[in-house]
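Survey of secondary and tertiary structure
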Amino acid sequence: MEEMMKQMMETLHGEIFAVWFLAGAALVFWMQAGFAMVETGFTRAKNAGNIIMKNLMDFCIGTCTFILIGFSLLLGEDMMGLIGRPGFDLFTSYGDFDWSAFVFNLVFCATTATIVSGAMAERTKFLSYCVYSAVISALIYPVEAHWIWGGGWLSAMGFHDFAGSVAIHMVGGVSALIGAKILGPRIGKFEKDKSGKIVKVNAFPGHNIPIGALGVFILWLGWYGFNGAAATIVEQLGSIFLTTTVAPAVATVVCMVFTWVKYGKPDVSMCLNASLAGLVAITAPCDVTDCFGALVIGAVAGLLVPFAVWLLDYKLRIDDPVGAVAVHCMNGIWGGIATGLFATTAAPGNDSIVGLFYGGGFHQLEIQLIGIFSVIAWTAATITVVFFVIKGCIGLRASAEEEITGLDATEHGLPNAYSGFSIQDMSGAMDVNENTNLGEDSYEKASAAQKDAAVKVVRQAVTDENGVLSYDTGMHKVSIIAKLSRFDTLKKALNELGVTGMTVTQVMGCGIQKGAGEYYRGVELDATLLPKIKVEVIVSEIPVDKVIESAKKALYTGHTGDGKIFVYNVTRVVKIRTGEEDYDALQDVE
């Protein structure tokens, strides 16, 4: 009876972890949504639909190529330690096929392909993206993954990469680095002088950082499956969850402190990158290191992010919109090296791999370095050929006109990925010019001269039948230019006067207060044209001077350039629905 119970428990244990294996694969698939959100949020709105489409298609196209050739190259019968034997067991021996292994390795393969998208975002032809994504899934990833996980020569040597710092993230990061270099920067990223020397780096702020943050949280959740799905005992799974939590948390804190000290304020986008960097770095050693090792690995990852962003912008002059190289390439390499430094037999399930800092000498570190350099060489050689072939045959980069217009419209016929959402507030990008301070913040205490300097009023001059200047025809159009941050106050003030009808449009402009002084990913923002709003009302019964006074009070902050008001005489108004004209036509909006 005791022996029977033991067998039952072992069977149950195996079944539970088999289910967890597939649940982990589902979590890894869900990471596609995270990558899509991060890349979309960190880039400009005019390319949002294109980016969503790419993240959808790299999985779908990758599935097709993985079925045809990728899976067999990865896990087919080993051929001299280099590749798996190509075959179609999925079709010829479906009843005996390892379905779970196929799904699990497929979702990992898709992750490799989607990493490249971020560094090449906003200027890559969609067709070209589909082609190189297919090649990564069909050939580049399966071959090197076979070396590491499919019984290949690196596996035989003892190379350790539990969940893919090197096999997945570094490969995607190296491909992204080479692709971004060949592709060139986005238009306007780098400014050159007459001799062609780059003299300035421009920041292109992501259009939706909250979506980017959502993507990071989705990825962090998915990473518990990414790292933990292959665990075989509960103790090992618990340790993996711990290291997968500690490393990104420490990386984020370190990056926050560094950017706070370096740039004066903690950088949101780089801290989000740092969370992912910590996850990438811990992916290889997550099963063989302890809490201290995870802490150090995360701390280094947190510093690698701002360093790599600076390196690409100011030294290599490579434009990476989302930080894919900083996160995946740099920290994929670091994760592979860290395995040879911080592996310890104190980690559950590890009884053989010991790193340099835990008394294991240089043996494992040497193996890790051989594996890293070998995979980099394979990836760099193959992806470079792929990119140049694509460039020569169908072109790699979208045209300048397509890039400026946006790939949503030109590649997909999508006018706007955010139909109905057009107003944005960039007031946070503005530095208050101290030369505009009028010395009085209170409207009630301000002098007439201070009020007029803050909010100028321009009236249209007209003459009556006798040629005498006149400003009053009884009906007036009042056009108010203001900061979006003052809109609610302005709207409330007008409503209290009885003005309920108004037209609000988004405009761009600047006056004496130009945007400057803030940093995005270590690059100073240069926002010389800032979004503002234009509010237009037409009044007759309500005295126009009351409208002007209420608007000035609502917009006043004590600085020159708080707003501007234009007043026009209206000679005729017609209400289309009723046919009413002039005074009568305006009574339902006053």
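Residues numbered from 1 in each chain as written. Predicted model: local features only at pLDDT ≥ 70, side-chain atom pairs only at ≥ 80, totals over all residues. Heavy atoms only, no water.

Re the overall build of the chain
A count of helices and strands for the chain gives 19 helices and 13 strands. Counting the 590 residues in the chain, one finds 51% classified as buried. Within the chain, residue pairs in contact and separated by at least 24 positions form 78% of the contacts whose partners lie at least 6 positions apart. (Helix = DSSP H or I, 4+ residues; strand = E, 2+ residues; numbered from the N terminus. Buried < 20%, exposed > 50% of the residue type's maximum accessible area, 1.4 Å probe, protein only. Contact = heavy atoms within 4.5 Å.)

Details of the nonpolar core
In this structure, Y132, W334 and F387 are the most contacted members of the largest nonpolar core, which totals 112 residues. With residues near it in sequence (within four places) discarded, F387 still touches V116, M120, Y132, S175, I178, G179, I182 and L396. Listed in part, the 27 residues of the second largest apolar core include A446, I480, A482 and F487. (Core = buried A, V, L, I, M, F, W, Y, C linked by side-chain atoms within 4.5 Å.)

Focus: the pattern of salt bridges
One pass over the full model with this rule turns up 11 salt bridges. E403 is the salt-bridge partner of R397, the closest N and O atoms lying 2.8 Å from each other. Judged by its relative accessible area of 2%, E403 is buried. The salt bridge involving K477 is made with E536; its shortest N-O contact spans 3.2 Å. Of this pair, K477 sits in strand β8 (residues 476–482) while E536 sits in strand β12 (residues 530–539), placing them 59 residues apart in sequence. Residue classification places K477 among the partly exposed positions, given a relative accessible area of 28%. (Salt bridge = Lys/Arg side-chain N within 4 Å of Asp/Glu carboxyl O.)

Concerning unusual backbone geometry
Positive phi values are uncommon outside glycine, yet E122 reaches one of about 80 degrees. Within the fold, E122 resides in the loop between α4 (99–119) and α5 (126–149). Residue classification places E122 among the buried positions, given a relative accessible area of 1%. Positive phi outside glycine occurs at R317, with the angle close to 60 degrees. You can see R317 is positioned in the loop between α11 (291–316) and α12 (324–342). Among the residues examined, R317 registers a relative accessible area of 27% and is labelled partly exposed.

Section: the pairing of strand β4 (residues 198–201)
Here strand β3 (residues 190–192) pairs with β4 via three bridges, running antiparallel. By the bridge assignment for β4, E191 is matched with K200. (Pairing = 2+ DSSP bridges.)

Some points on empty space enclosed by the protein
By the definition in use, this model includes four cavities of 30 Å³ or more. Counted as a void, the largest cavity has a volume near 170 Å³. In this structure, the largest cavity is lined by 17 residues; those nearest its centre are K189, V309, D313, D320 and R521. Only α11 and α12 provide two or more residues apiece to the lining of the largest cavity. Looking at which element gives the most residues to the lining of the largest cavity, the answer is α11, with four residues. Tallied by class, residues from the lining of the largest cavity come to 11 nonpolar, one polar and five charged. In this model, the second largest cavity occupies a volume close to 140 Å³. As for the second largest cavity, its lining consists of 14 residues, and the residues nearest its centre are F35, V38, V322, A324 and H328. Residue assignment for the lining of the second largest cavity shows that the elements contributing at least two residues are α1 (2–41), α4, α10 (268–283) and α12. Split into classes, the residues belonging to the lining of the second largest cavity amount to eight nonpolar, five polar and one charged. (1 Å grid on protein atoms, 1.4 Å probe; cavity = no way out; pocket = protein on both sides within 12 Å on 5 of 7 lines; lining within 4 Å. Points joined across faces, edges and corners; volume = space filled by probe spheres on them. Nonpolar A, V, L, I, M, F, W, Y, C, P; charged D, E, K, R; others polar.)

Here's the deal with helix α13 (residues 363–393)
An α-helical segment advances 3.6 residues per turn. Residues three or four places apart therefore align on the same side. For α13, spanning 31 residues, the distance from its first C-alpha to its last is 46 Å, which sits close to the expected 45 Å at 1.5 Å a residue. Remark: G395 follows α13 within two positions and exhibits a positive phi of approximately 85 degrees. (Expected span 1.5 Å × (residues − 1).)

Comments concerning the packing of α10 against α12
Axis separation between α10 and α12 bottoms out at 8 Å; the angle between their running directions is 35 degrees. Crossing handedness for the pair α10 and α12: right-handed. Together, N273, L276, A277, V280 and A281 of α10 and V327, H328, N331, G332, W334 and G335 of α12 make up the contact between the two elements. Partitioned by chemical class, the residues of the contact of α10 with α12 number six nonpolar, five polar and no charged. (Axes fitted to C-alpha atoms, helices over the stretch in contact; angles between N-to-C directions. Left-handed = near helix turned anticlockwise from the far one by under 90°.)

Considering the packing of aromatic side chains
Evaluated as defined, the whole model comprises 22 aromatic pairs. With centroids separated by 5.3 Å and ring planes inclined at 55 degrees, the aromatic side chains of F71 and F97 adopt a geometry described as tilted. Note that F71 is positioned in helix α2 (residues 48–75) and F97 in the loop between α3 (89–92) and α4, a separation of 26 residues in sequence. Here F71 falls in the buried class, since its relative accessible area comes to 13%. (Phe/Tyr/Trp six-rings, centres within 6.5 Å; stacked < 30°, edge-to-face > 60°.)

With respect to the pairing of strand β13 (residues 563–569)
Regular strands place their side chains on alternate faces of the sheet. Of the two faces of β13, only the one carrying G563, I565, V567 and N569 is buried; K564, F566 and Y568 on the other face are not. Summarising the sheet, strand β5 (residues 455–459) and β13 pair through five bridges and their orientation is parallel. If you follow R459 over to β13, its bridge partner there is V567. Of the pairings in the sheet, the one linking β8 to β13 comprises seven bridges and is antiparallel in character. Residue pairing for β13: H476 is matched across the bridge by N569.

Digging into the environment of E402
Within the fold, E402 resides in helix α14 (residues 400–405). Between the C-alpha atoms of E402 and T124, which are 278 residues apart in sequence, the distance is 10.0 Å. Polar side-chain contacts of E402 include one of 2.9 Å to the backbone nitrogen of S399. (Polar contact = N/O pair within 3.5 Å; in protein donor to acceptor, adjacent residues only side chain to side chain.)

Section: the state of the cysteines
Taken as a whole and judged by the stated rule, the model has zero disulfides. Free cysteine C64: the closest other cysteine sulfur is in C60, separated by 7.5 Å. (Disulfide = S-S within 2.5 Å.)

A look at a nonpolar patch on the surface
Taken together, the side chains of V253, M256, V257, W260 and V261 define a hydrophobic patch exposed on the protein surface, amounting to about 480 Å² of accessible area. Among the structural elements, M256 can be located in helix α9 (residues 234–263). Under the relative-accessibility criterion, M256 is labelled partly exposed at 31%. (Patch = residues over 30% accessible without salt bridge, like charges linked within 9 Å, V, L, I, M, F, W, Y side chains within 5 Å. Areas by Shrake-Rupley, 256 points an atom, 1.4 Å probe, with all protein chains shown as cover.)

Regarding the confidence of the model for the chain
Of all residues in the chain, 88% attain a pLDDT of 70 or more, and the chain-wide mean is 88. Counting contacts from residues 425–431, a segment whose pLDDT is below 50, to residues more than four positions away or on other chains yields 18 contacts. (pLDDT = per-residue confidence, 0-100.)

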